[in-house]
Amino acid sequence: DVKVTQSSRYLVKRTGEKVFLECVQDMDHENMFWYRQDPGLGLRLIYFSYDVKMKEKGDIPEGYSVSREKKERFSLILESASTNQTSMYLCASRWSDRGTEAFFGQGTRLTVV
Amino acid sequence: AQSVTQPDIHITVSEGASLELRCNYSYGATPYLFWYVQSPGQGLQLLLKYFSGDTLVQGIKGFEAEFKRSQSSFNLRKPSVHWSDAAEYFCALGRYSTLTFGKGTMLLVSP
């Protein structure tokens, strides 16, 4: 089975802290994604990566950055956490050339206080 | 630009009744379409997908969906709903890079 693992299920951070959300996949997928999920807004794409060290901005990249140093790992970074970044964060991965579905991690519920 | 619309934010269905969740899309080519389900506090699980061929696709947990190009729709159906189907359902569209999601439909199942 494909497995996408997010390092934390729940996180509580203080305003202004630098926050790292980690995601690892075990299927050698080229594409990896970070989505943010808020009630009534569905899933919104923050960043995606189509290869190691390659990244593209999604719909809501402001306040976030990403890192992909190895193919299996994709990190989301909140440079200076703010309360409006309190949300559910979902990582996903997908092959790039087969048009298949994306596989999702369990999500990280981040609360910024 | 591609987009997905799920017109219903909430739907309540009696246990044992049939279900249809609506999904409309906008896309310039033949779409790849997906339905995902999310139980509370969990990630998304794929129910079914459409790439090409037969327009009626079968998925897990007794779900099916029908692709109608003329109506730009990909509605999800189930003939008899179980209480365990209560969850949020997302329709998504995409080919080789990113997936675009609808805002979701919350399914409530009444006894």
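Residues numbered from 1 in each chain as written. Chains lettered and ligands numbered in written order. Predicted model: local features only at pLDDT ≥ 70, side-chain atom pairs only at ≥ 80, totals over all residues. Heavy atoms only, no water.

Caption draft 1: Structural view of the overall build of chain A. Looking only at helices and strands, chain A has zero helices and eleven strands in total. When the helices and strands of chain A are placed in sequence order, the string is β-β-β-β-β-β-β-β-β-β-β. For 113 residues, the compact-globule estimate of 2.2 N^0.38 gives 13 Å, and the C-alpha radius of gyration of chain A, at 13 Å, lies within 12% of that figure. With respect to the three principal axes, the spread of C-alpha positions in chain A is 40 × 25 × 25 Å. When burial is assessed residue by residue, chain A has 50% of its 113 residues classed as buried. Of the contacts formed within chain A by residues at least 6 apart in sequence, a portion of 55% connects residues at least 24 apart. Surface accessibility of chain A: about 5500 Å² in total, with carbon and sulfur atoms responsible for 49%. Averaging the locations of the 17 positively and 16 negatively charged side chains of chain A gives two centres separated by 5 Å. (Helix = DSSP H or I, 4+ residues; strand = E, 2+ residues; numbered from the N terminus. Rg over C-alpha atoms; globule rule 2.2 N^0.38 Å. Buried < 20%, exposed > 50% of the residue type's maximum accessible area, 1.4 Å probe, protein only. Contact = heavy atoms within 4.5 Å. Areas by Shrake-Rupley, 256 points an atom, 1.4 Å probe, with all protein chains shown as cover. Lys, Arg positive; Asp, Glu negative; His and termini not counted. Charge placed at Lys NZ, Arg CZ, Asp CG, Glu CD.)

Caption draft 2: Highlighting the layout of surface pockets. As a volume, the largest pocket reaches approximately 450 Å³. Surrounding the largest pocket, 24 residues form its lining, Q37(A), P39(A), Q38(B), E88(B) and M106(B) being those nearest its centre. Residue assignment for the lining of the largest pocket shows that the elements contributing at least two residues are β4 (31-38) of chain A together with β1 (3-5) and β10 (87-93) of chain B. The leading source of residues in the lining of the largest pocket is β10(B), at three residues. By volume, the second largest pocket amounts to about 330 Å³. Lining the second largest pocket are 19 residues, and of these V2(A), F103(A), F104(A), L44(B) and Q45(B) lie nearest its centre. (1 Å grid on protein atoms, 1.4 Å probe; cavity = no way out; pocket = protein on both sides within 12 Å on 5 of 7 lines; lining within 4 Å. Points joined across faces, edges and corners; volume = space filled by probe spheres on them.)

Caption draft 3: Structural view of the interface of chain B and chain A. Taken together, the contact pairs 22 residues of chain B with 25 residues of chain A. Both faces considered, chain B and chain A share a buried interface measuring about 1700 Å² in area, 52% of it formed by carbon and sulfur atoms. Remark: the boundary between chain B and chain A carries one salt bridge. Of the charged contacts in the structure, one is a salt bridge between K49(B) and E101(A), with a shortest N-O distance of 2.8 Å. Inspection of the chain B/chain A interface yields seven residue pairs in polar contact (both at pLDDT 80 or more). Residue assignment for the side of chain B that touches chain A shows that the elements contributing at least two residues are β5 (33-38), β6 (45-50) and β10 of chain B. Broken down by element, the side of chain B that touches chain A gets its largest block of residues, three residues, from β5(B). Residue classes in the side of chain B that touches chain A are distributed as ten nonpolar, eight polar and four charged. (Buried area = accessible area lost by both parts, 1.4 Å probe. Salt bridge = Lys/Arg side-chain N within 4 Å of Asp/Glu carboxyl O. Polar contact = N/O pair within 3.5 Å; in protein donor to acceptor, adjacent residues only side chain to side chain. Nonpolar A, V, L, I, M, F, W, Y, C, P; charged D, E, K, R; others polar.)

Caption draft 4: Molecular detail of the pairing of strand β9 (residues 73-78) of chain B. Residue and element names in this part refer to chain B. Here β9 lies mainly inside the structure; five of its six residues are buried. Inspection of the sheet shows strand β3 (residues 19-21) paired to β9 by three bridges, in the antiparallel sense. Residue L21 lies in a different strand from β9, and its bridge partner there is L76. As judged from the five bridges shared by strand β8 (residues 64-68) and β9, these two strands associate in the antiparallel manner. Looking across to β9, one finds that A65 is bridged to L76. Hairpin connection from β8 to β9: four residues lie between these consecutive antiparallel strands, with S72 at a positive phi of about 50°. (Pairing = 2+ DSSP bridges.)

Caption draft 5: Quick look at the side chain of N75(B). Residue and element names in this part refer to chain B. One can find N75 in strand β9. Among the residues examined, N75 registers a relative accessible area of 15% and is labelled buried. Side chain to side chain, N75 and E20 meet in a polar contact 3.3 Å long. If sequence neighbours within four positions are ignored, N75 has contacts with E20, L21, R22, C23, W35, E64, A65 and E66.

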